[in-house]
Amino acid sequence: MCADHIERLPTGITGFDHIANGGLPKGRTTLVSGTAGSAKTVFAAQFLAAGIKRGEPGVFVTFEETPEALRRNMLGFGWDIARWEAEGKWAFVDVSPQPEEEIVELGTYDLGALLARIEHAVRSIGAVRLSLDSLGAIFTRLNDTRVVRNELLRIVSTLRRLGVTAVLTAERTQEYGEIARYGVEEFVSDDVVILRNLLEDEKRRRTVEILKFRGTSHQKGSFPFTVIPGEGIHVIPLSAIELKQRSSNVRTTSGNAELDRMCGGGFFRDSIVLVSGATGTGKTLMATTFMAAGVRQKERSLLFAFEESRDQLFRNAIGWGIDFEQMERDGLLRVVCNYPEVTSLEDQLIFMKAEIERFRPQRVAVDSLSALERVSTVKGFREFVIGLTSFIKHQEMAGLYTSTTPTLLGGSSITEAHISTITDSIILLRYVELFGEMRRGLTVLKMRGSSHDKDIREFTIDSRGMHIGRPFRNISGILSGQFTHIAPSEIERLSAMFRDEEGTETAETN
Amino acid sequence: MSKIVLHLYIAGQTPRAERAINTLRQMLEHDLAGYECELTIIDVLADPQQAEDQKILATPTLIKSSPPPYRRIIGDLSSVADLLNVLNLPPKTGSSMINKE
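Predicted, not measured: the structure shown is a model, and the values here were computed from it.

Visitor: What should I look at first to understand the overall build of chain B in this one?
Guide: Helix and strand counts for chain B stand at four helices and four strands. Burial analysis of chain B (101 residues in total) assigns 46% to the buried set. Sequence separation of 24 or more characterises 67% of the internal contacts of chain B that already satisfy a separation of 6 or more. Surface exposure of chain B reaches about 5,000 Å², of which carbon and sulfur atoms provide 50%.

So, in structure tokens, the structure goes:
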């Protein structure tokens, strides 16, 4: 992956090492810059916490929060700093502002004491890592910025001499603009990471970008991340994971024999099927039968429901003769109902991944993606779908997503526009107006790697589920919603015409 | 009045440290000759734990822990006059009153 000779130190921050092509340049100092609230302190603390889990002690130089506050605040991420201090794995160099203590400057000074303390702390616990949070706070405490600048340069070169890999955090005043305040990038400019906390369409979105690693490679561009309790920063490295999966030719049933036939023998085992349709066309039914079919052949099945409550879902299933409750008791089914508005899409993705990893299903259904789309930006949504899809495919599971079209007749949703290229198969469910009556139609639009039935078939729903019937023959324009009825005699006439010209039949009987 | 207690933190025998020590000597020997004074000089290179305990950031740092008010001064203490002013020394006649409180 990285063909250069610069050694890396894996940070242990989930996903970050992926975009950093292995980790931070070892033995060097990386500047981590961000605006207020961009999770700089969490990054700095996590860098040490992850190191300790790998047996690498760390020193935390704090200029802002007191060690007491840090011990308390970081406990929520599962980092027991006090214990690590007692075990000699973590040491603080406390330079946080002391209340009711005024420092008077009289003459010139240097930061020799700070340097001595840092060196002492590093040597006494044999530190491999060091975090300093944050540079800007030193500048606000001392008047002589020229001195501070020179002294920081001295600190950075001391860190290099000590061989520690360090993270220095710095403030930015805006998300796009100069790297950091006080021009600190002038002396710690080899490796720069930027954390952003953007407001896009009224939604908060955190991203991390590696601006540069001098003389070595890293992934370009910004990547979404989230800060979650019990873990800390979790980077979602999209480009790195995008669609590198193997594909199999093993078929698995959709739960509907006729639909399997239309798909050329069933869904592929590690493929994603998108079911698109207006409200009430039977999407949840398809997801439900897909789950039940899995359970019937002893496959573990996981359903994420974002539109309906658990009760409602179970009642519907009973209505179609499927007993979800019993299936859950048997341990083959898990239904996770979740209200999409409660969390960001980044957190939702991590939550879903965790559920999948815990339950280890062979098939997964998401009903519906459109519900999730409501809570995100277009970019965020696309990243979510890619992230989820590649994760599901990596696990060699069959997946089914549903998506709701905004109009009753025809049309396609924004959801589809963004994800249709990612999914392997697309099934459309459409209302068809036929002589003043609403009927339902189904077609397999795409089936990657297989032939499939191209007809638009009529289907009905009753207490036993979905029944796929004959193709619509005397109507066109179903997909666009602009119906044109054609008299049967006209169809026959047209067929006869082609038969005459080509000597073959066109109007197949089905 | 109570004893004047001063601690000076330096990082090795630098020109700045020398200047600070000279200024302090001068102050103690001339301006505060009539007072009971205690000056301790700590080299943080030799004793970094002391610097950690006292949370010393810059060097030289001079700490006056007695008499009140507590003072923390950083720098090479350029002139005796400025230093006395900042340290609030010699204690004014009224300062013995403050001590009793």
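Visitor: Can you help me understand the overall build of chain A in this one?
Guide: Assigned secondary structure in chain A consists of 17 helices and 25 strands. Out of the 510 residues in chain A, the part that is buried amounts to 57%. Of the contacts formed within chain A by residues at least 6 apart in sequence, a portion of 68% connects residues at least 24 apart. Carbon and sulfur atoms make up 50% of the accessible area of chain A, which totals about 21,400 Å².

Visitor: What am I meant to see in helix 11 (residues 310-319) of chain A here?
Guide: One turn of the α-helix equals 3.6 residues, which is why residues spaced by three or four share an orientation. Residues and elements named next belong to chain A. Listing the buried residues of helix 11 in full gives Leu 313, Phe 314 and Ala 317. Each buried residue of helix 11 sits inside an arc of 95 degrees when the element is viewed along its axis, so together they form one side. Of the exposed residues in helix 11, those oriented more than 90 degrees away from the buried face are Asp 311, Arg 315 and Ile 318. Where helix 11 is buried, its residues meet helix 10 (283-296), strand 16 (301-305), helix 12 (324-329) and strand 17 (333-337). At the exit of helix 11 stands Gly 321, carrying a positive phi of roughly 80 degrees.

Visitor: What is the right way to read the interface of chain B and chain A from this model?
Guide: Frequently, the measure chosen for interface size is the accessible area that the parts lose on association. With 27 residues of chain B at the contact, the number on the chain A side is 25 residues. Of the roughly 2,200 Å² buried between chain B and chain A, counting both surfaces, carbon and sulfur atoms make up 59%. Taken together, chain B and chain A are joined by three salt bridges. The partner of B:Glu52 in a salt bridge is A:Arg117, and the shortest N-O contact between them spans 3.0 Å. At the boundary of chain B with chain A, the tally comes to 17 residue pairs in polar contact (both at pLDDT 80 or more). Residue composition of the side of chain B that touches chain A, by class: 15 nonpolar, four polar and eight charged. Bridge count between strand 6 (residues 103-105) of chain A and strand 4 (residues 71-74) of chain B: three bridges; the pairing is parallel. By the bridge assignment for strand 4 of chain B, A:Val104 is matched with B:Ile73.

Visitor: Would you take a moment to explain the nonpolar core for this structure?
Guide: One recurring pattern in soluble globular proteins is that nonpolar side chains are buried together. Ranked by internal contacts, the top residues of the largest apolar core, which has 42 residues, are A:Val59, A:Val61, A:Leu114 and A:Leu130. Setting aside chain neighbours within four positions, we find A:Leu130 in contact with A:Phe47, A:Leu48, A:Val59, A:Val61, A:Ile118, A:Val122, A:Leu159, A:Val164, A:Thr165, A:Ala166 and A:Val167.

Visitor: Please explain the environment of B:Thr40 as it appears in this structure.
Guide: All names here are of chain B. Tracing the backbone through its elements, the reader meets Thr 40 in strand 2 (residues 37-43). The exposure class assigned to Thr 40 is partly exposed, which follows from its relative accessible area of 29%. Each C-alpha atom, one on Thr 40 and one on Ala 17, is 13 Å from the other, the two residues being 23 residues apart in sequence. Once residues within four sequence positions are removed from consideration, Thr 40 is found in contact with Leu 6, His 7 and Leu 8.

Visitor: Hey, could you run me through the pattern of salt bridges in this one?
Guide: Working definition: two side chains of opposite charge can pair if their charged atoms are close together. Residue and element names in this part refer to chain A. Using the criterion set out here, one finds 29 salt bridges over all chains in the structure. One salt bridge in this structure joins Glu 383 and Arg 205, with 2.9 Å as the shortest N-O distance. Residue Glu 383 is located in helix 15 (residues 378-394), and its partner Arg 205 is located in strand 10 (residues 203-213); the two are separated by 178 residues in the primary sequence. Assessed through its relative accessible area of 11%, Glu 383 is described here as buried. Residue Arg 205 is classed as buried on the basis of its relative accessible area, which comes to 5%.

Visitor: Any chance you could explain the pairing of strand 1 (residues 4-10) of chain B here in plain terms?
Guide: Side-chain positions along a regular strand alternate between the two faces of the sheet. Residues and elements named next belong to chain B. Taking burial as the measure, the seven residues of strand 1 include six buried ones, the bulk of the element. Examined bridge by bridge, strand 1 and strand 2 share seven bridges and lie parallel to one another. Bridging from a neighbouring strand, Leu 8 pairs with Ile 41 of strand 2.

Rules behind the numbers
- Residues numbered from 1 in each chain as written.
- Chains lettered and ligands numbered in written order.
- Predicted model: local features only at pLDDT ≥ 70, side-chain atom pairs only at ≥ 80, totals over all residues.
- Heavy atoms only, no water.
- Helix = DSSP H or I, 4+ residues; strand = E, 2+ residues; numbered from the N terminus.
- Buried < 20%, exposed > 50% of the residue type's maximum accessible area, 1.4 Å probe, protein only.
- Contact = heavy atoms within 4.5 Å.
- Areas by Shrake-Rupley, 256 points an atom, 1.4 Å probe, with all protein chains shown as cover.
- Arc of directions from axis to C-beta.
- Buried area = accessible area lost by both parts, 1.4 Å probe.
- Salt bridge = Lys/Arg side-chain N within 4 Å of Asp/Glu carboxyl O.
- Polar contact = N/O pair within 3.5 Å; in protein donor to acceptor, adjacent residues only side chain to side chain.
- Nonpolar A, V, L, I, M, F, W, Y, C, P; charged D, E, K, R; others polar.
- Pairing = 2+ DSSP bridges.
- Core = buried A, V, L, I, M, F, W, Y, C linked by side-chain atoms within 4.5 Å.

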